[in-house]
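Listed here are the chains, written in short residue letters.
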Amino acid sequence: EAMRGIPRASVDLMIADPYYNLNKSFNSDAFSKMTDSEYERYTRSWIESALPLLKPTASVYVCCDWRSGMVICRVLGEHLVLRNRITWQREKGRGARSNWKNSMEDIWFATVSDKYVFHPERVMMRRRVLAPYRSDGKPRDWEQTDSGRFRNTYPSNFWDDISVPYWSMAENTPHPAQKPEKLMAKLILASSEENDIVFDPFLGSGTVSVVAKKLSRRYIGIERDPFYCALAEYRLSLSETDRRIQGYEDG
């Protein structure tokens, strides 16, 4: 219903973090695990509602876990050009006795067409060089610093440099599925320009809109829980004077 009020072909970048297919409580709301076919109908309903809002040059990122990702990938692939699957390491919790500890989440990357914004040079990774190679006695694609040997490299689709928002971090809220600001900053920097419109149909505590604002983008978010809306508005007000993103400094 909220998406009907958004102008068609107005969104440059959509970042969505829908309910995973798990039993989970969200303040005044709760999500109950569905069958795969029910979850596919649910996924199809919100994705197909969002499609008319996207510009022909828009990019889309959808967060998921390994199980919900199988459904999300299939539905995205019917309507958009699938580009990649990002996996990020969210080290949290003490593990499980009957299965491998689930410390990874995925983000599907898709575009409306073959013409889209992508700037990997804005999110280069600083990696320690383990086997330094020299040409004519000079470092080849790496530099020697007081802290050791380092190389700036283009990012891969595996991200192990991001922490979940722990209680001691300024960005942390009571939302049970909050994504890190740094995670969203990578997506926004790589796949949008300043003043572009970034849209999140499952805004939660506001992370996507807050990071978009800090990075000089415009934003639209949909959230139906009043408490989470209040958290988002509060965080947006803080970003008026504090534009820091943990782990991202000086460009």
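Look up: the structure comes first, before these words.
Note that the structure is predicted; figures quoted are calculated from it, not measured.

Rules used in this analysis
Residues numbered from 1 in each chain as written. Predicted model: local features only at pLDDT ≥ 70, side-chain atom pairs only at ≥ 80, totals over all residues. Heavy atoms only, no water. Pairing = 2+ DSSP bridges. Helix = DSSP H or I, 4+ residues; strand = E, 2+ residues; numbered from the N terminus. Contact = heavy atoms within 4.5 Å. Axes fitted to C-alpha atoms, helices over the stretch in contact; angles between N-to-C directions. Core = buried A, V, L, I, M, F, W, Y, C linked by side-chain atoms within 4.5 Å. Buried < 20%, exposed > 50% of the residue type's maximum accessible area, 1.4 Å probe, protein only. Salt bridge = Lys/Arg side-chain N within 4 Å of Asp/Glu carboxyl O. Disulfide = S-S within 2.5 Å. Polar contact = N/O pair within 3.5 Å; in protein donor to acceptor, adjacent residues only side chain to side chain. Phe/Tyr/Trp six-rings, centres within 6.5 Å; stacked < 30°, edge-to-face > 60°. Lys NZ or Arg CZ within 6 Å of the ring centre and 35° of its normal.

Draft legend 1. Main features of the sheet that holds strand S12 (residues 158-159). Here 7 strands make up an open sheet; going across it, the order is S12-S5-S6-S4-S1-S13-S14 and the pairing mixed. Since the sheet does not close on itself, it has two edges, and those belong to S12 and strand S14 (218-221), each with one partner. Of the strands in this sheet, strand S1 (11-16), strand S4 (54-64), strand S5 (81-89), strand S6 (104-111), S12 and strand S13 (197-200) are in contact with helix H3 (residues 181-191), which crosses S1 at around 155 degrees.

Draft legend 2. Here's a closer look at the nonpolar core. Of all hydrophobic cores here, the largest spans 32 residues; its most connected members are Met14, Trp46 and Leu76. For this core, the secondary structure elements donating two or more residues are S1, helix H1 (36-50), S4, helix H2 (66-79), S6, S13 and helix H5 (226-238). Dropping the residues within four chain positions of it, Leu76 is found in contact with Ile47, Val60, Val62, Leu82 and Trp108. Ranked by size, the runner-up nonpolar core spans 26 residues in total, among them Tyr61, Ile86, Ala185 and Val198.

Draft legend 3. A look at the pattern of salt bridges. The final tally for this structure, using the stated rule, is 19 salt bridges. Arg83 is paired through a salt bridge with Asp114; the nearest N and O atoms lie 2.7 Å apart. Of the two residues, Arg83 is situated in strand S5 and Asp114 in the loop between S6 and strand S7 (125-128); the sequence distance between them amounts to 31 residues. Of the residues examined, Asp114 reaches a relative accessible area of 64% and is grouped as exposed. One salt bridge in this structure joins Lys214 and Glu181, with 2.9 Å as the shortest N-O distance. With Lys214 in helix H4 (residues 207-214) and Glu181 in helix H3, this residue pair connects regions lying 33 residues apart in the sequence. Connected via shared salt-bridge partners are Glu40, Arg44, Glu48, Arg74 and Glu78.

Draft legend 4. Just the sheet that holds strand S11 (residues 148-153), in detail. With respect to topology, 3 strands assemble into an open sheet ordered S7-S11-S10, the strand pairing being antiparallel. A strand with exactly one partner marks an edge of an open sheet, and here the two such strands are S7 and strand S10 (143-145). Each strand axis lies, on average, 40 degrees off the axis of its neighbour in the sheet, ignoring direction. Relative to S11, S7 runs antiparallel, the two being bridged by 4 bridges. Note that in S11 the partner of Arg127 across the bridge is Arg151.

Draft legend 5. Quick look at the environment of Gly206. Looking at where Gly206 falls in the secondary structure, it is placed in the loop between S13 and H4. Assessed through its relative accessible area of 0%, Gly206 is described here as buried. Counting along the chain gives 23 residues from Gly206 to Cys229, while the straight-line C-alpha distance between them is 7.5 Å. For Gly206, the residues in contact, after removing those within four places along its chain, are Ala232 and Arg235.

Draft legend 6. View of the state of the cysteines. Overall, the coordinates contain 0 disulfides when judged by the stated rule. Of the cysteine sulfurs around Cys64, a residue in no disulfide, the closest is that of Cys63, at 7.4 Å.

Draft legend 7. Highlighting the side chain of Lys214. For Lys214, a relative accessible area of 13% corresponds to the buried category. At a separation of 2.8 Å, a polar atom in the side chain of Lys214 contacts the main-chain carbonyl oxygen of Arg244. If near-sequence neighbours (up to four positions away) are discounted, Lys214 is found in contact with Glu181, Ser239, Asp242, Arg243, Arg244 and Ile245.

Draft legend 8. Here's a closer look at the packing of aromatic side chains. Within this structure, the stated rule accounts for 12 aromatic pairs. Judged by centre distance (6.5 Å) and plane angle (90 degrees), the ring pair of Phe31 and Tyr39 falls under edge-to-face. Considering the side-chain rings of Phe31 and Tyr42, the 5.8 Å spacing of their centres and the 55 degrees angle between planes classify their relative orientation as tilted. Taken together, the positions of Phe31 in strand S3 (residues 29-31) and Tyr42 in helix H1 put the pair 11 residues apart, joining distant regions of the chain. No difference in accessibility class separates Phe31 from Tyr42, as the two residues are buried. Connected via pairs of aromatic rings, a cluster forms that spans Tyr19, Phe26, Phe31, Tyr39, Tyr42, Trp46 and Phe202. Lys186 extends its terminal NZ or CZ atom over the ring of Trp159, reaching a point 4.5 Å from the ring centre.

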